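Letter by letter, the chains look like this.
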Amino acid sequence: MTNLALTINGRAYGPMDVRDELTMNDFLREFLGMTGTKFGCGAAQCLSCAVIVDRPDGSSYTNPTCIVPAVNFDGKSIRTVEGHASDGALTPLQTAFIEHFAFQCGYCTAGFLNEGQVLLERLARQKVARADVEATIAEALDGHLCRCTGYVKYHEAVRAVILADPGRYLI
Amino acid sequence: MRPSRREFMRWSMVSGISLGLSRLASADTPSFLVRETLPGRGVPRPATGRVDGVAKVTGAKLYASDFRAADLPGWPAETSHALLVRAADATHSYEGLDLARLGAIAKPTVVVTAEDLDRIGTRVPSFYAGDLFCPVGKTPLYLGQPVALLIFERFDDFDKARLALRDGNFLKFGAETGPVAVPNYAAFRFTRVAGATPDAPDIYSPIQEGWISPGFLESSGRPIWAPLPVAKGGEYVKGAVFGEKIRAELGSGDPALLTLDRDFETQSVDPMFLEPECGLAWYDAGEGDLSIVLGVQSPFEAASAVAFLLGEAGDGFKPKRIDAQFAYVGGGFGGRDHTPFPLYVALAAMFYPGHAVRLAHDRFQQFQGGIKRHAFKMRTQIGVDRASGKITAFAADHVLDGGGLMNYSVSVAVVGATGAIGIYDIPKVDVTTVAVHSRGVTAGSMRGYGTLQTMTALEVLIDEVATTLPIDPIAFRRLNALKTGGRTMAGNPYSVSVRTREILDKLEAHAIWQNRGVEKAGAKPGYLVGTGVACAAKDYGTGADCALGTVEIAPDGRISIHGDAVEMGNGIGTALANRVAIHIGGIADAVTVAQVDVFDALELFTSGDSYTISQAEQDTAAKDTRWVPAISSATSASIGAHVGTQAAAEAARVVFRFGLWPAALALWGIAPTDPRAKQAGEAYWQDRHLIMTGLSPLPLEAIAAKAHAQKGVTGAMAHAFSRWAWAQATFDIAGEAWTGDIDALAIRRGGDAFTRLDRSVVAFPPADYNRIGTAFSSLCGTLVRVEIERATGLLRIASAYSVLECGQALVPEVVVGQAQGGFAMGVGYALLETLPPFEDGPGNGQWNLGQYLVARGSDLPLHDLEIEVLPPLAANEPPKGMAEVVMIPIVPALLNAIFDATGHRFQSLPVTGAMLKGALA
Amino acid sequence: MKREWRIPVLVLAVMAINIAAACLAGYTVSATTSNALASPESFATISDPAKRSAAYFTELGKVLTNPRCTNCHPAGNRPRQGDMSRLHEPPVFRGPDGFGLETMRCSTCHQDANFEPGRVPGHPEWHLAPLEMAWEGKTVSEICAQIKDPKRNGNRSLQDLVKHIGTDTLVGWAWAPGFGRTPAPGTQQQAGALVAAWANSGAACP
């Protein structure tokens, strides 16, 4: 057992004792009841379980949770799908996902949402040329599996958010 | 947010167990039903989008895998966890589980084995016939057969045991026995010989003569296709004689005839829905209530199967009541339609009474235990008149591997066989099919359902015919396409639109086709470019499909809808809302799906098997006005839009006609005697206002309030049944005879309770329609251009176009999304996905997505995939099923494009990069 | 010991005919007998120092061409995984520093140590060898020439190589790769001894 304390969607959890073999995915889903983060493959192949990790410097990245011990998240600050909207107000990316019919069964949505959000945050720091937008989105989302949609509408939704705010995201 | 109405229902079953519903939510924890009622009243949301949109982008608890006991009001606080232990050996005698060694790692609180089931007296529903657990001393029937169910009180112990069982061998096996021999599941022969002219009756057809099956060799179990010596009765001989004659013609060596004789093989694949199967159950022994939460495509069947399982069980193991609740589903594709998984969930609860127990597959377990697509071996012969380019005859022989349990193998064999001539009109057809048992993982329903396999073989063969004749492949298809009114292989015409010509015209005119020569000639050095085309006609519906639906409008104009169809990504909730809105003017803000237990007011009952019932039995049964041929269907066979929304749509028509319209007349001050009172059909909705020429538009809210005030019909509940045509019935509503495409109806007036209406007349589709292969079909054609790197065999899809028709698209965005997703799944099937049979296959418990490749974004032409949906032929053309057909033509189109690029015609799937590299070497 | 002793004899016998075939045969023979590595001492019977040096490398080649090594010394920008050396799923790329693209760094999944519940290998420095150090698809002879070339070995001296192969903990992971992955042959210490013997005997290539 190892001590774990972390921040999830701005709220502090722990410290608490956690079994070293417990995955972060099971910690979220079985112990905290936060099932917005999905379990898809348990082998970091589908990334439906990815959450956002916020670095102290303000940058962010996604991390699969199904193959990482919960204890490795000690001291970290993460965001999950449950933490994007505030007081019922959806983020531009959440709104775009809905308006573009980006998902169907929705089981991979949390992973795509987190990956897309991290991409937006990166582009806000490091703008991209219009000509590179599609390739940048494709590279960012390619690790995520979706069995329903053929991916097209996810890509269109992320692109729509970028193109709707060129001052923020485009060179 | 108030919980939607979910009334107690006592649902009498053969077993004497009633299926019913649950308690209402406590104050602080929302009930299951409240969570699953979407989008939910007062939830802010974008103006467009799915009804489940907000819930799915905010991570709301929605799927069965999201629920633990603590999330369900009234359940125990803690959740225990169950683990299905499966055999990775099906050729040795099973000798038991090494519990002592496992117990040292994590000791299960409860162990359930075959002996325990014997002891308590469970029954296995015939659909899953076979031991639920392999008994000690027997050889497992198939790879992945469960041997035990272990229950752990704490998650940590469960998790340790799961990993130990995944990575270590705790099962003991004895002597080598070889695989268990099981007879073939089914064999059929479909033969049709058309009359001399298109108008003349067929000389022989399945619809005239019935379906025929051959005899079997007792020694090997192989079917005997020849008409002699031991065929099963005269009917078989008659058909087989015609069939053999067709084959003799194909083999005659007539120089005027181009004949091709080809073998084609397809592989086993996994539906790979992203949410592995799971369930949560709790048996309250004191009350005798079994509560169960599941995510399946076939809720009614799952609940019924559990009731059957426990119906004769001994003391303490037969619940008084089953409360089954069905959640949103994280992908289905057929793989969650009729699976044995719910039985194990129920057993977990029954063997650990008083505790909530969760059973959930991880991905290894889902590969090992989940339903697969049938692998096919096919031989196909085709004869084409060289002079006219007309196909004169077609013969095929299919063998499909059904794996360990019969499941849907019989029906997949039939659907695959009757789909084997695709879009074509062929006067002489002879197709045999046999579904065999093997020790592989059970194969069952999956998107495409046999026709993906047979039409892939067909469309690759057609391309070869066109190349060989030679004739333009699209011109050849146009020349041979079945026209409206033409007969299918079974001998019946389609009863829906047939738009092959339009689809072919679209394909021919498209730039991908027009530019194919230029693109091929202009290939980059080191690359080969090729273009392929294919077209598919896929049935939708099963020949016994039904729907339940309720529509209610509140005095403030808010609309609620309940349906029994399942939301698995197909957008059924949104389709329900949109279709109902056509009739009553507003989009519902409370839609529940996958509900089978809120239609008690209809007092439905059924008897017999709607697929095999005789006309006399049906006529007798139909005299009871509560009888229907079937109560609730699985959401499968592409029936979501067509069937899944039918009952709600008809209910909405009743609410409009007998609730909103009379209220509108009252508000307009139009007397019932005024001729305009009869013109309900002239009125239409716009922006929640009812418009009638020459009158002021009325807001829905005002009409609803008036309808309640004058005790008009404010809610309707209906049941619809289709056997290639809707059952129709007439009901007396407000003194008027109302006929609808439904067979049961209950209405609510004002704020009253629902009351059932007796149907005065009913016309069920004739029992003979069961001889139809299909009468409903949708079309999709696909063009694809590929670019193959010579040195590596790496294939890139440069550009693609799919054109489809589906009547009225209820949610056009979802139709396009399904077409894009079907395309992706087709690409995976054609180029990436494969599961070896037997010991190296998924039954060994070691498969996951690193090994099993499904299409990723980078495998697809994300910005060069064009989908075109033809507008409906007429404003009143009903929705047609399209979820399956969209994944079919891309598969043969890819193979045809590969041929165009490389000159190599592959006759098996998948065509991997390594195979391409080999072919180019 | 007896088994280990026999291997170089077989190698030697074949070497007399054809050096290239010798590499193959030596590899094949010892791979089929066990997942062991012969010790430097067992090559004492080879009298020609250059041939003996080359024989050390041939033996070491069993390690260098093992999937545990080649999977992350790939020829392209995508690593491979597993004993079957399948392309890595999900698709990951070396990125500018060999530690992955910004959108997917190696370390997001490959943490400080193997994590058996997820069957994911781990090490704090998990990354791809630079492209010039690619071994995938190469013969032992080609790898030998490459590994001696400072331009293609990370500017390492022979003694650096001894240290790298013999003691580097990321290299050492190859002998403790976790469930489902066959460890590299022998031990890291034995591999280090072979490199040392090879380096000290003139670093001849097979």
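- Per an unreviewed UniProt entry, chain B goes by CO/xanthine dehydrogenase Mo-binding subunit and derives from Kaistia dalseonensis.

- Where an unreviewed UniProt entry is consulted, chain A appears under the name Aerobic-type carbon monoxide dehydrogenase small subunit (CoxS/CutS family), with the organism given as Kaistia dalseonensis.

**Notes on the interface of chain A and chain B**
For step 1, the next point in the chain: Chain A puts 50 residues into the contact, and the matching count from chain B is 63 residues.
For step 2, the next point in the chain: Summed over both sides, the interface of chain A with chain B buries roughly 4,700 Å², with 60% coming from carbon and sulfur.
For step 3, the next point in the chain: Where chain A touches chain B, the interface holds 7 salt bridges.
For step 4, the next point in the chain: Of the charged contacts, one joins D156 of chain B and R19 of chain A as a salt bridge, the two residues approaching to 3.0 Å between their closest N and O atoms.
For step 5, the next point in the chain: Seen at the junction of chain A and chain B, the total is 27 residue pairs in polar contact (both at pLDDT 80 or more).
For step 6, the next point in the chain: Counting only elements with at least two residues in the side of chain A that touches chain B, the list comes to α1 (24-31), α2 (92-99), α3 (109-125) and α5 (152-164) of chain A.
For step 7, the next point in the chain: Per-element tally for the side of chain A that touches chain B: the top contributor is α2 of chain A, with 5 residues.
For step 8, the next point in the chain: Residues belonging to the side of chain A that touches chain B are distributed by class as follows: 20 nonpolar, 17 polar and 13 charged.

**Quick look at the confidence of the model for chain B**
Residue and element names in this part refer to chain B.
For step 1, the next point in the chain: When pLDDT is averaged along chain B, the result is 93; 96% of the residues meet or exceed 70.
For step 2, the next point in the chain: Here residues 1-14 is modelled with pLDDT under 50, and outside its nearest four sequence neighbours on either side it reaches 47 contacts, counting other chains as well.
For step 3, the next point in the chain: Taken together, the stretch residues 19-27 has pLDDT below 50 and engages in 34 contacts with residues farther than four places along the chain or on a different chain.
For step 4, the next point in the chain: On the interface metric, ipTM, the complex scores 0.98, and its pTM is 0.94.

**Some words on the side chain of R147 of chain A**
For step 1, the next point in the chain: Position of R147 of chain A relative to the elements: it lies in the loop between α4 (133-141) and α5.
For step 2, the next point in the chain: Taking the relative accessible area as the measure of exposure, R147 of chain A reaches 6% and is therefore buried.
For step 3, the next point in the chain: In this structure the side chain of R147 of chain A is engaged in a polar contact, spanning 3.1 Å, whose partner is the backbone oxygen of D270 of chain B.
For step 4, the next point in the chain: In contact with R147 of chain A, other than residues within four places in its own chain, are D270, P271, M272, F333, M446, M825, E833, Y852 and V854 of chain B.

About the criteria used
- Residues numbered from 1 in each chain as written.
- Chains lettered and ligands numbered in written order.
- Predicted model: local features only at pLDDT ≥ 70, side-chain atom pairs only at ≥ 80, totals over all residues.
- Heavy atoms only, no water.
- Contact = heavy atoms within 4.5 Å.
- Buried area = accessible area lost by both parts, 1.4 Å probe.
- Salt bridge = Lys/Arg side-chain N within 4 Å of Asp/Glu carboxyl O.
- Polar contact = N/O pair within 3.5 Å; in protein donor to acceptor, adjacent residues only side chain to side chain.
- Helix = DSSP H or I, 4+ residues; strand = E, 2+ residues; numbered from the N terminus.
- Nonpolar A, V, L, I, M, F, W, Y, C, P; charged D, E, K, R; others polar.
- pLDDT = per-residue confidence, 0-100.
- Buried < 20%, exposed > 50% of the residue type's maximum accessible area, 1.4 Å probe, protein only.

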